[in-house]
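Here are the chains, one letter per residue:
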Amino acid sequence: RFKRYPATQDSNLFRKLKELEEQIENQNWEMANSALVQLPAIITAEQVITTREKNFYRTQIELYKLRVDLGQAKKNSQADPEILALMKLIEKTYQLSVEFDDILEPFEYQTFTFQVTQWLRRAEELHKDGGKDPAELKKLEEKVKPMLKKGAVMKPSADTPILFVPYRVASNAPAIAK
C-alpha cells in the first residue's frame, strides 16, 4: 500500500500543481496567482485522494503563496519583505513536514529539506548584507535542524513504491547494442 495514492498525470490536481510549479519556476507571478485561486476547488473535487491528502494539498497551497510572495519581493529588490517571506516559508515548510510526516514520501521530505537549506542560506546572505541581527534566523535554524538531519539520512523503505522501472527490467527486453 502506498502512503498516499499516487498522483496520476491525468488528474486535474496533478496538472494544476505541475502548471503552478512551472509558473513559479518561470517567475510568472500573475499566472501563478491565478492557478492558486483555482486550486482549492480542484482539491475539493478530487475523488481519488483521502481527506488527509486533501488537507496536505490545502496546506501546500499556503507554501505556494509564500513562494510567490518571495518571488515578487525578489523581483522588486526588497530585502526586508524577502527576509520575511523566507522566514515564513521556512517555518511553514517545517510545520508541513511535521504535521504530515506520516504521508510524506522520502523524495518529498528530501525536497523540503533541500528547499529549507537553500532558503536558510539566502536569508543569512540578506541578513549579512543588510547588517541585521540574525538572532531570529538562528532561532528558526535551530528549530528546523531536526528536519534537516532527518532529510539528510532518510532512505526509501522496502515498502516504498518504485516509481520508475527501466524498460529492460520491465519487459525483459534484450539490451540494446552500442
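Since the model is a prediction, treat every value here as computed from it, not as a measurement.

Chemist: Any details on the overall build of the chain? Residues and values, ideally.
Modeler: The secondary structure content of the chain amounts to seven helices and zero strands. Residues counted as buried form 39% of the 178 residues belonging to the chain. Taking the intrachain contacts of the chain between residues at least 6 apart in sequence as the baseline, contacts between residues at least 24 apart amount to 70%. Carbon and sulfur atoms provide 54% of the accessible area of the chain, an area that totals close to 11300 Å².

Chemist: I'd like to hear about the pattern of salt bridges, residue by residue, with values.
Modeler: Enumeration according to the criterion identifies 10 salt bridges in this entry. The salt bridge partner of R52 is D102, with a shortest N-O separation of 2.8 Å. Taken as a pair, R52 in helix α3 (residues 51–75) and D102 in the loop between α4 (79–99) and α5 (106–130) lie far apart in primary sequence, 50 residues in all. With a relative accessible area of 48%, D102 lands in the partly exposed category. One salt-bridge network, held together by shared partners, links E21, E25 and R67.

Chemist: Give me the lowdown on α5, citing residues and values where you can.
Modeler: Because an α-helix completes one turn every 3.6 residues, residues spaced three or four positions apart along the sequence face the same direction. Under the 1.5 Å per step criterion, the end-to-end length of α5 is 36 Å for 25 residues, consistent within 8% with the ideal 36 Å. Considered for burial, the residues of α5 that qualify are P106, E108, Y109, F112, T113, Q115, V116, W119, L120, A123, L126 and H127.

Chemist: So, the nonpolar core: which residues are in play, and what are the values?
Modeler: Core analysis: the largest hydrophobic core is formed by 43 residues, its most contacted members being L13, L20 and V116. When residues of this core are traced back to their parent elements, those giving at least two are α1 (12–25), α2 (29–45), α3, α4, α5 and α6 (135–153). Sequence-distant contacts of V116, that is, excluding residues within four places in its chain, are made with I90, T93, V144, M147 and L148.

Chemist: Residue-level account of unusual backbone geometry, with values.
Modeler: One non-glycine residue, Q27, adopts positive backbone phi at about 60°. Its location among the elements puts Q27 in the loop between α1 and α2. Relative accessible area serves as the criterion here: at 57%, Q27 is assigned to the exposed category.

Chemist: Account for the packing of aromatic side chains, naming residues and giving values.
Modeler: This structure, assessed with the given rule, holds two aromatic pairs. Measuring from ring centre to ring centre gives 5.5 Å for F56 and F100, while their planes differ by 75°; the resulting arrangement is edge-to-face. Pair noted here: F56 is in helix α3 and F100 is in the loop between α4 and α5, with a separation of 44 residues, a long-range link. Relative accessible area serves as the criterion here: at 1%, F56 is assigned to the buried category. The exposure class of F100 is buried, given its relative accessible area of 1%. Three or more aromatic residues joined by ring pairs form one cluster here, namely F56, Y57 and F100.

About the thresholds
- Every chain is numbered on its own, with residues counted from 1 as its sequence reads.
- Note on the predicted model: pLDDT of at least 70 is required for a residue's local features to be given, and 80 or more for side-chain atom pairs to be given and counted; whole-chain, interface and lining totals, by contrast, use all residues.
- The basis for every side-chain value is the complete set of non-hydrogen atoms in the structure, without hydrogens or water.
- Counting from the N terminus, the helices are DSSP H or I runs at least four residues long and the strands are E runs at least two residues long.
- Burial classes: relative accessible area under 20% of the type maximum marks a residue as buried, over 50% as exposed, and values in between as partly exposed (1.4 Å probe, protein chains only).
- Residue contacts are counted whenever heavy atoms from the two residues lie within 4.5 Å of one another.
- Calculation of accessible area relied on Shrake-Rupley with a 1.4 Å probe; when residues are assessed, cover is drawn exclusively from the protein chains displayed.
- A side-chain nitrogen of Lys or Arg and a carboxyl oxygen of Asp or Glu constitute a salt bridge if their distance falls within 4 Å.
- Residue count minus one, scaled by 1.5 Å, sets the expected span of a helix.
- We define the nonpolar core as a collection of buried residues of types Ala, Val, Leu, Ile, Met, Phe, Trp, Tyr and Cys that are connected through side-chain atoms lying within 4.5 Å of one another.
- In this scheme Phe, Tyr and Trp rings, the latter by its six-membered ring, pair at centre separations within 6.5 Å, and the angle between planes marks the pair as stacked below 30 degrees, edge-to-face above 60, and tilted otherwise.

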